Amino acid sequence: MSSRDIPLGTVVQAAIRQGLLPAWSPVAGLLDVQGIRAATTSLRAAFEEAGAARDTTLHAFAVKAAALVPVLRLLAGEGLGAEVASPGELALARAARVAPERIVLDSPAKTTAELREALALGVAVNADSREELARLDGLLREAAGPPRSSLGVRVNPQVGGGTIDALSTATDTSKFGVALRDEGARAWLVRAFAERPWLSRLHAHVGSQGCPLELMAAGVRATYELAEEINRAVGRRQVTTLDIGGGLPVNFASDDVTPTFRAYARLLADAAPGLFDGRYGLVTEFGRSLLAKSGVVLARVEYTKTAGGRRIAVTHAGAQVAVRTVFAPASWPLRVAVFDAQGRPKTGPPVDQDIAGPCCFAGDLVAVGRPLPLLEAGDHVALLDTGAYYFSNHYAYNSLPRPGVYGYASAEEESDGVRFATVRAPQTLGELVAEGGGAYAAELSALR
Ligand SMILES: Cc1ncc(COP(=O)(O)O)c(C=O)c1O
């Protein structure tokens, strides 16, 4: 039996019995290890079926989706690399022992120090702008010999946006990459490569949740066509690798995994057949689609009340763990499953209820008017499909601590049938005080 076959109720009961939601820590993230492994297997298989060669394809997990060292180590063990977008994410990938040559650094704001470190380590870098490329020129002049890092340029194919503006990175005016359709940009890019034989990659990431697959494929096709143009112009195969970004959306409405990696890889093979004919290495940077379905936020119901005829369950899962859902609920609706104090699935006639969080602002609601069995104090709620970008992207409002995160798998030898491993311990109050400047308590008052 794989842990994907474990009913969530069994996992929740085991989590409660095994003390993962103690009185002082009433919210936790749970990750289905077998589900994560299965997602990586389907990613690799999908691209291989479409024609990608195993030894020249790097699936670099977007660390922003789950900035957790044990998760990165698990994924590395499954053959994945890491896409990082800050010194912190790079440090996490290195702590997970992801090999430098399997790390890709993307960020629109890399400092000189970050670039220097990436070059020293041999981490791949995608320059985001003309200015960043000029900075790389300077750093490479300082260094003796050719770079160890694979170096590329991020382009914005300007193919348009999806349904969520904030996650649409290929709009006309997006802040990311070199805007490919702007006047003179193509010619500039061809020249930039011709003048820099060490540039070997093109990168594009069209967007994330809310982008239709066809839009993403159009962006990849435009990037492929640019690579062909550059290679023709310089008269050699200088662009050797295409980094097609991530962005496969997640279905938050049901348990169905859709769209699939296979559907996307097939669409890419149709849109840009040359991508898979062996002339180009491939890098992908999926985040959400690898983890979302394998995670839940589990929280205790502290109180229930009625206001103006509306039922409200006040829980410990709010904006601190579900920031996007709370601030942009129309774009990020979540399903909620409910359990009793022991973790047994709750039954009963559906009653419209608001599921509120602990934060001190009125909008801290993860679901509004949701028909669910009537909740009582001591029950539990689970926010489904939250394995990516939720409990690993904490919002520090109200100094609510980062919750503990635990991986789980089926284990016949356990009386509950489930074994847990700590991914991250709950943040302690001492750590919170330190983060709030506890070490400098008297320094401000000493200023006159
Ligand atoms: C450059 C880049 N690559 C990959 C990703 C991961 O996207 P997703 O989690 O939607 O697959 C992002 C998300 O913001 C990104 O900006």
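Since this is a predicted model, take the numbers as computed values, not measurements.

Scoring rules and cut-offs
Once a new chain begins, its residue numbering starts again from 1 and follows that chain's sequence as written. In keeping with the model being predicted, local features are shown solely for residues with a pLDDT of at least 70 and side-chain atom pairs are shown and tallied solely at 80 or more, while totals for entire chains, interfaces and linings include all residues. Remark: hydrogens and water are excluded; side-chain values derive from all non-hydrogen atoms of the structure. Labels follow the DSSP assignment, with helices taken as runs of H or I lasting at least four residues and strands as runs of E lasting at least two, numbered in each case from the N terminus. Here the radius of gyration uses the C-alpha set of atoms, whereas the globule reference equals 2.2 Å times the residue count to the power 0.38. The classification of residues rests on relative accessible area computed with a 1.4 Å probe and restricted to protein chains. Under 20% of the type maximum is buried, over 50% is exposed, and intermediate values are partly exposed. Contact definition: two residues touch when any of their heavy atoms are within 4.5 Å. The rule for a residue being near a molecule or strand is that one of its heavy atoms must lie within 4 Å of it. In protein, a polar contact requires one atom able to donate a hydrogen and another able to accept it; more generally it is a pair of N or O atoms within 3.5 Å, and residues adjacent in sequence count only if both atoms are side-chain atoms. In these tables, accessible area is a Shrake-Rupley quantity obtained with a 1.4 Å probe, and a residue counts as shielded only by the protein chains included in the view. Each residue gets one label: Ala, Val, Leu, Ile, Met, Phe, Trp, Tyr, Cys and Pro are nonpolar, Asp, Glu, Lys and Arg are charged, and the others, such as Gly, are polar. In this entry, domain limits derive from an automatic or database-based domain assignment. Put simply, buried area is how much 1.4 Å-probe accessible surface two parts lose in total, over both of them, once they are put together. UniProt positions are given in the numbering used here, feature names are shortened, and annotations may be inferred rather than shown by experiment. We define a nonpolar core as any set of buried Ala, Val, Leu, Ile, Met, Phe, Trp, Tyr and Cys residues linked to one another through side-chain atoms lying within 4.5 Å. Any two cysteine sulfur atoms lying within 2.5 Å of each other are counted as a disulfide. A pair of strands is treated as paired once DSSP finds two or more bridges between them.

J.: Please give an account of the overall build of the chain that cites residues and values.
T.: Summing up its helical and strand segments, the chain has 12 helices and 18 strands in all. Here the chain has a C-alpha radius of gyration of 23 Å; the compact-globule value for 448 residues is 22 Å, and the two agree. Expressed as lengths along the three principal axes of its C-alpha atoms, the size of the chain is roughly 70 × 65 × 45 Å. Classification of the 448 residues of the chain by burial places 54% in the buried group. When contacts within the chain are restricted to residue pairs at least 6 apart in sequence, long-range pairs at least 24 apart make up 69% of them.

J.: So what about the environment of Pro373? Which residues, and what values?
T.: Tracing the sequence through the fold places Pro373 in strand S15 (residues 365–373). Overall, the relative accessible area of 14% leaves Pro373 in the buried class. The spatial distance from the C-alpha of Pro373 to the C-alpha of Ala337 is 9.6 Å, given a sequence separation of 36 residues. Setting aside residues no more than four positions away along its own chain, Pro373 makes contact with Val338, Lys346, Thr347, Gly348, Pro349, Pro350 and Gln353.

J.: Outline the site of the ligand, listing residues and values.
T.: Around the ligand, the surrounding shell holds 14 residues, and the nearest of these are Ser208, Gly247, Glu285, Arg288 and Tyr389. Here Glu285 contributes a side-chain N or O atom positioned 2.7 Å from a nitrogen atom of the ligand. For the ligand, the accessible surface in isolation is 400 Å², of which the surrounding protein chains cover 90%. Here the residues of the shell around the ligand sort into three nonpolar, five polar and six charged.

J.: Could you give an account of the domain arrangement of the chain, naming the residues involved and the relevant values?
T.: When the parts come together, some accessible area is lost, and that loss is often what is quoted as the size of the interface. Domain annotation for the chain reports domain 1 (3–31 + 292–428) and domain 2 (33–291). Taken over C-alpha atoms, the centre of domain 1 sits 33 Å from the centre of domain 2. Facing the 25 residues of domain 1 at the interface are 26 residues of domain 2. Here domain 1 and domain 2 share an interface that buries about 2100 Å² over both sides, 62% of which is from carbon and sulfur atoms.

J.: Report on the UniProt feature "domain: Orn/DAP/Arg decarboxylase 2 C-terminal" (unreviewed entry) in the chain, specifying residues and quantitative values.
T.: Per the UniProt record, the feature "domain: Orn/DAP/Arg decarboxylase 2 C-terminal" (unreviewed entry) sits at residues 293–387. Secondary structure content for residues 293–387 is 5% helix and 45% strand, and the end C-alpha separation is 6 Å.

J.: For the nonpolar core, give the residues involved together with the corresponding values.
T.: Judged by nonpolar contacts, the single largest core of 115 residues is most densely connected at Phe47 and Leu291. Here this core takes 10 residues from helix H8 (residues 213–234), the largest share from any one element. Each of domain 1 (3–31 + 292–428) and domain 2 (33–291) contributes no fewer than three residues to this core. If we skip the residues at most four places from it in the chain, Phe47 touches Ala52, His59, Ile244, Ala265, Leu268, Phe276, Leu282, Thr284 and Phe286. Leu21, Val296, Tyr408 and Phe420 belong to the second-largest nonpolar core, a separate cluster that totals 19 residues.

J.: If you had to explain the UniProt feature "domain: Orn/DAP/Arg decarboxylase 2 N-terminal" (unreviewed entry) in the chain to someone new, which residues and values would you point to?
T.: The sites that UniProt annotates as "domain: Orn/DAP/Arg decarboxylase 2 N-terminal" (unreviewed entry) are residues 45–291. Taken end to end, residues 45–291 has its terminal C-alpha atoms 17 Å apart, with 38% of it in helix and 15% in strand.

J.: How would you explain the environment of Leu334 if you had to name every residue and give the values?
T.: Mapped onto the elements, Leu334 comes out in the loop between helix H11 (323–327) and strand S13 (336–339). On the accessibility criterion, Leu334 (2% relative accessible area) is buried. It is 12 Å that separates the C-alpha atoms of Leu334 and Gly295, two residues lying 39 residues apart in sequence. Beyond its immediate chain neighbours, meaning those up to four positions away, Leu334 contacts Phe252, Thr325, Arg370, Leu383, Leu384, Thr386 and Tyr390.

J.: Go over the state of the cysteines, please, and point to the residues and values.
T.: A covalent bond bridging the sulfur atoms of two cysteines is what the word disulfide describes. Taken as a whole and judged by the stated rule, the model has zero disulfides. With no disulfide of its own, Cys359 lies 7.5 Å from the sulfur of Cys360, the closest cysteine sulfur. Judged by relative accessible area, Cys359 falls into the buried class, the value being 7%. For Cys360, a relative accessible area of 59% gives the class exposed.

J.: Outline the pairing of strand S8 (residues 199–203), supporting the account with residue identities and numerical values.
T.: Burial analysis of S8 places five of its five residues in the buried class, which makes it a mostly covered element. With four bridges connecting them, strand S6 (residues 151–156) and S8 associate as parallel partners. Looking across to S8, one finds that Gly152 is bridged to Arg201. Direction of pairing for S8 relative to strand S9 (residues 241–243): parallel, over a ladder of three bridges. If you follow Leu202 over to S9, its bridge partner there is Leu242.

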